[in-house]
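Coordinate inspection notes
Residues per chain are reported as follows:
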Amino acid sequence: EAEVAQSPRYKITEKSQAVAFWCDPISGHATLYWYRQILGQGPELLVQFQDESVVDDSQLPKDRFSAERLKGVDSTLKIQPAELGDSAMYLCASRRAGLPDEQYFGPGTRLTVT
Amino acid sequence: QKEVEQNSGPLSVPEGAIASLNCTYSDRGSQSFFWYRQYSGKSPELIMFIYSNGDKEDGRFTAQLNKASQYVSLLIRDSQPSDSATYLCAVTLRASYDKVIFGPGTSLSVIP
């Protein structure tokens, strides 16, 4: 069964350092989402890709966060510099475009900023 | 007003009882509605989706949608301790490239 892959699963970094997360969606899924989930809250959409294009990044803190999906397949989310408030679970999800279909989530990356 | 709202809980029900989880949304153009279950430290997993007004049943789970009231609910019959988790309501916004907005989640505890 196809799955969304994410790495690393866990990351501990010091504040002001750079950190990057990687996501490989299910093959053929044109839509890719990055969410941030703070403990006790629902996932918050950071950025949404349609193929290689960003279609929504309204909640992405662009002064420190960046995201890319260069070939419309896998994606990288970067934080530089990391702040204590960035400690959260970072979830990647993918979905077939144009269909009323559900998102498939990866296992997530748990980030702790010290 | 938040786009998707849920009772934060925690909701506690005895084993075997019916658990009722509620969700309201603000965008009248919303088309797709999802319920996800999330165990502590894990990623969300889809339980059910519903697109049309009325009820949709899948095993012990029933989703109910009322678009006029902008309300969607999830009923869990014969609740089991393994149902203890956080339940997330998610809504697709019609006019924005399938943007999916999640509610804050409701924590459910099923007491043996």
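The text that follows walks through the structure, step by step, so that each part is easy to find. These numbers come from a predicted model, not from an experiment.

Here the focus is the environment of Leu45 of chain A. With respect to the secondary-structure elements, Leu45 of chain A resides in strand 5 (residues 44-50). For the pair Leu45 of chain A and Leu60 of chain A, spaced 15 residues apart in sequence, the C-alpha separation works out to 8.1 Å. Once residues lying within four places of it in the same chain are set aside, the contact partners of Leu45 of chain A are Tyr33, Trp34, Tyr35, Asp56 and Gln59 of chain A together with Lys99 of chain B.

What follows deals with the state of the cysteines. Counted according to the given criterion, the structure contains two disulfides over all chains. Residue pairing for Cys23 of chain A: its cysteine sulfur links by disulfide to Cys92 of chain A, the two sulfurs lying 1.9 Å apart. What sets the handedness of the Cys23 of chain A and Cys92 of chain A disulfide is the S-S torsion sign, and at about -70 degrees it is left-handed. Pair noted here: Cys23 of chain A is in strand 3 (residues 19-24) and Cys92 of chain A is in strand 9 (residues 88-95), with a separation of 69 residues, a long-range link. By the burial criterion, Cys23 of chain A is buried, and Cys92 of chain A matches it. Across the disulfide from Cys23 of chain B sits Cys89 of chain B; the S-S distance is 2.1 Å. Residues Cys23 of chain B and Cys89 of chain B share a disulfide whose torsion about the S-S bond is about -70 degrees; that sign makes it left-handed. On the criterion of sequence distance, the pair formed by Cys23 of chain B in strand 3 (residues 19-25) and Cys89 of chain B in strand 9 (residues 85-93) is long-range, its members being 66 residues apart.

Let's shift gears to the interface of chain A and chain B. The partner chain B presents 19 residues to the 24 residues of chain A that form the contact. Between chain A and chain B, roughly 1,600 Å² of surface is buried when both sides are summed, and carbon and sulfur atoms account for 52% of that area. The largest per-residue losses of area from chain A upon contact with chain B belong to Arg95, Glu102 and Phe105 of chain A, which jointly make up 26% of the total buried on that side. At the boundary of chain A and chain B, one finds one salt bridge. There are six residue pairs in polar contact (both at pLDDT 80 or more) connecting chain A and chain B. Where the side of chain A that touches chain B is concerned, the elements lending two or more residues are strand 4 (31-37), strand 5, strand 6 (53-56) and strand 9 of chain A. Here the residues of the side of chain A that touches chain B sort into 10 nonpolar, nine polar and five charged.

Each value, and the rule that gives it
- Residues numbered from 1 in each chain as written.
- Chains lettered and ligands numbered in written order.
- Predicted model: local features only at pLDDT ≥ 70, side-chain atom pairs only at ≥ 80, totals over all residues.
- Heavy atoms only, no water.
- Helix = DSSP H or I, 4+ residues; strand = E, 2+ residues; numbered from the N terminus.
- Contact = heavy atoms within 4.5 Å.
- Disulfide = S-S within 2.5 Å.
- Buried < 20%, exposed > 50% of the residue type's maximum accessible area, 1.4 Å probe, protein only.
- Buried area = accessible area lost by both parts, 1.4 Å probe.
- Salt bridge = Lys/Arg side-chain N within 4 Å of Asp/Glu carboxyl O.
- Polar contact = N/O pair within 3.5 Å; in protein donor to acceptor, adjacent residues only side chain to side chain.
- Nonpolar A, V, L, I, M, F, W, Y, C, P; charged D, E, K, R; others polar.

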